Amino acid sequence: MGSGIAQVCAEAGHQVIVREVDDDLLEKGLGKIETFLAKGVEKGKVTPQRKAEVLSRLRGTTDLARLCECDLVIEVVTESLEVKRQVFQAIDAACPPATIFASNTSSLSITEMAATTRRPSRFVGLHFFNPVPLMKLVEVVRSPLTDPAVFEEATAFARSLGKTPVRASDRTGFVVNRLLVPYLLDAIRALEEGVGSTVDIDEGMRLGCGHPMGPLTLLDFVGLDTTYAIANIMFDEFREKRFAPPPLLKRMVQAGLHGRKTGRGFYDYSQEPARPLSGLV
Ligand code: CAA
């Protein structure tokens, strides 16, 4: 999601520093943005001048200390509290006290992360949705420690990106995942129970409810490993069955069937169009 967030920030006119762990990943992320803009030029939707302007606002680095130049740092690392804590402690030491920190977490506690820094009042959640350039929503999340003025600034920043902010307090899953995750897990349970096939379940929700993607396609899109991690965090927080990851999800993650990013999940993406993967239940 990092490249999508960097893209929308640069398109909105902000100067962006992208920090990645190594040069290969940096090149890959910036390359993705370049490709999307190049496609836009081919289609006549983006002028070559606009493409050059957007790219000129993006600078890449592997050095965390470079983030000291930023007014706002948005963290988009893996969904692990330990990893996020380490990153925030490092940037806390590098950045001046006025810098606002935001996490793109979808399920971890903003309060817990904020409390590990020296600036809990200048810490918010900015939760983007995939694919970031196309999805209009950003959840803006406050902890009990967030300064109300910082919450307003973060909301205004989301608006500056052309997104619609939804404001939430720090409850695991915020608004969207609280409702979306049980729905996705229930779709897997329906498949496990033989209510319908992969295609039946997806077509049911796509055509019956007007969703752009059926739930199993959406799971492949979000990533089964990501959804599994989110479900575990939510189950741990609420201890409610609706958030418990079903056995099939666990087995698929163990088998490396993580969805589109690994080429297989509920569907096999090695051919076009993708076909439902057989042998799951
Ligand atoms: N930058 C710029 N343009 C882009 C782009 C990008 N990164 N990605 C796609 N586009 C362009 C495409 O090139 C295409 O351009 P043209 O119209 O010129 O061809 C245009 O945007 C539309 O692309 P698609 O044809 O691929 O779009 P679509 O109409 O098929 O819709 C979709 C795709 C938006 C993904 C739609 O299927 C959808 O809304 N799906 C549901 C997504 C969803 O629910 N996301 C949330 C997941 S949950 C989450 O993210 C949070 C969490 O915590 C788990």
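Criteria and cut-off values
- Starting from 1, residues in each chain are numbered consecutively following that chain's sequence as written.
- Totals for whole chains, interfaces and linings use all residues, but because this is a predicted model, local features are given only for residues with pLDDT of at least 70 and pairs of side-chain atoms are given and counted only at 80 or more.
- As a rule here, side-chain values come from all non-hydrogen atoms in the structure, and water together with hydrogens is ignored.
- We count a stretch as a helix when DSSP gives it H or I for four or more residues in a row; a strand needs E for two or more, and each element gets its number in order from the N terminus.
- Throughout, radius of gyration means the C-alpha value; the globule benchmark is 2.2 Å times the number of residues raised to the power 0.38.
- Classification of residues uses two cut-offs on accessible area relative to the type maximum, computed with a 1.4 Å probe and protein chains only: under 20% is buried, over 50% is exposed, and between them is partly exposed.
- Where accessible areas are quoted, they stem from the Shrake-Rupley method and a 1.4 Å probe; at the residue level, only the protein chains shown are allowed to cover.
- The convention is simple: Lys and Arg are positive, Asp and Glu are negative, and His and the chain ends are not counted.
- A side-chain nitrogen of Lys or Arg and a carboxyl oxygen of Asp or Glu constitute a salt bridge if their distance falls within 4 Å.
- Pairing of N or O atoms within 3.5 Å defines a polar contact, subject to two protein rules: one partner must be a possible hydrogen donor and the other a possible acceptor, and residues neighboring in sequence count only if both atoms are side-chain atoms.
- We call two residues in contact when some of their heavy atoms are within 4.5 Å.
- By definition, two strands form a pair when at least two bridges between them are found by DSSP.
- Inter-axis angles, ranging from 0 to 180 degrees, are taken between N-to-C directions of lines fitted to C-alpha atoms, where helices are fitted over the stretch in contact.
- By definition in this entry, angles of less than 35 degrees are roughly parallel, angles greater than 145 are roughly antiparallel, angles of 65 to 115 are roughly perpendicular, and the rest are oblique.
- All residues other than Ala, Val, Leu, Ile, Met, Phe, Trp, Tyr, Cys, Pro, Asp, Glu, Lys and Arg, Gly among them, are scored as polar; the first ten of these are nonpolar and the last four charged.
- The pairing test for Phe, Tyr and Trp rings, Trp by its six-membered ring, is centres within 6.5 Å, and the orientation test on the planes gives stacked under 30 degrees, edge-to-face over 60, and tilted for anything in between.
- Charges are assigned to positions over rings by a cutoff of 6 Å between ring centre and Lys NZ or Arg CZ, combined with an angular limit of 35 degrees from the ring normal.
- Being near a molecule or strand, for a residue, means having at least one of its heavy atoms within 4 Å of it.
- Each residue after the first adds 1.5 Å to the expected span of a helix.
- Within this analysis, the arc is defined by the directions that extend from the helix axis to the C-beta atoms.

Caption draft 1: Inspection of the overall build of the protein chain at higher detail. Counting its secondary structure elements, the protein chain contains 11 helices and 9 strands. For 281 residues, the compact-globule formula gives about 19 Å, and the C-alpha radius of gyration of the protein chain, at 20 Å, lands near that figure. When the backbone C-alpha atoms are referred to their principal axes, the protein chain occupies close to 55 × 50 × 35 Å. Looking at the protein chain as a whole, 43% of its 281 residues are labelled buried. Of the roughly 14100 Å² of accessible surface on the protein chain, a fraction of 54% belongs to carbon and sulfur atoms.

Caption draft 2: Examining the side chain of Asp202 more closely. Here Asp202 shows up in helix H8 (residues 198–209). The charged side chain of Asp202 is buried without a salt bridge, its nearest counter-charge being Arg206 at 7.5 Å. At a separation of 2.8 Å, a polar atom in the side chain of Asp202 contacts the main-chain amide nitrogen of Leu216. With residues near it in sequence (within four places) discarded, Asp202 still touches Gly214, Pro215, Leu216, Thr217 and Tyr267.

Caption draft 3: Quick look at the sheet that holds strand S4 (residues 100–103). Spatially, S3-S4-S5-S6-S7 is the arrangement adopted by the 5 strands of the open sheet, whose pairing is mixed. For this open sheet the edge positions go to strand S3 (72–75) and strand S7 (164–169), each flanked by a neighbour on one side alone. Here the average twist between neighbouring strands, direction ignored, is 30°.

Caption draft 4: Region of interest: the packing of H8 against helix H9 (residues 215–222). Between H8 and H9, the least distance of the axes is 7 Å, while the angle of their chain directions is 100°. One way to sum up the angle between H8 and H9 is to call them roughly perpendicular. Contacts between H8 and H9 involve Thr198, Ile201, Asp202 and Met205 from the former and Pro215, Leu216 and Thr217 from the latter. Partitioned by chemical class, the residues of the contact of H8 with H9 number 4 nonpolar, 2 polar and 1 charged.

Caption draft 5: A look at the packing of aromatic side chains. Scanning all chains against the criterion turns up 5 aromatic pairs. Connected via pairs of aromatic rings, a cluster forms that spans Phe88, Phe101 and Phe123. Sitting above the plane of the Phe101 ring, Arg119 keeps its charged end 4.2 Å from the centroid.

Caption draft 6: Layout of the site of the ligand. Looking at the ligand, there are 18 residues lining it, with Lys45, His127, Asn130, Pro133 and Asn177 nearest. Lys43 is positioned such that a nitrogen or oxygen atom in its side chain is 3.1 Å from an oxygen atom of the ligand. His127 places a side-chain nitrogen or oxygen 3.0 Å from an oxygen atom of the ligand. Of all elements in the fold, only helix H7 (176–192) and H9 reach the threshold of two or more residues within the shell around the ligand. Taken together, the residues of the shell around the ligand break down into 11 nonpolar, 5 polar and 2 charged.

Caption draft 7: Structural context of H8. When the terminal C-alpha atoms of H8 are compared, their 16 Å separation across 12 residues agrees well with the 16 Å that a helix rising 1.5 Å per residue should span. For H8, the full list of buried residues reads Thr198, Ile201 and Asp202. Down the axis of H8, the buried set is contained in an arc of 95°. They therefore lie on one face. Turned more than 90 degrees from where H8 packs its buried face, Asp200, Leu207 and Gly208 sit exposed. Against the buried residues of H8 lie H7, H9, strand S8 (267–268) and strand S9 (275–276). Looking one or two places after H8, you find Gly210, whose phi comes out positive at around 70°.

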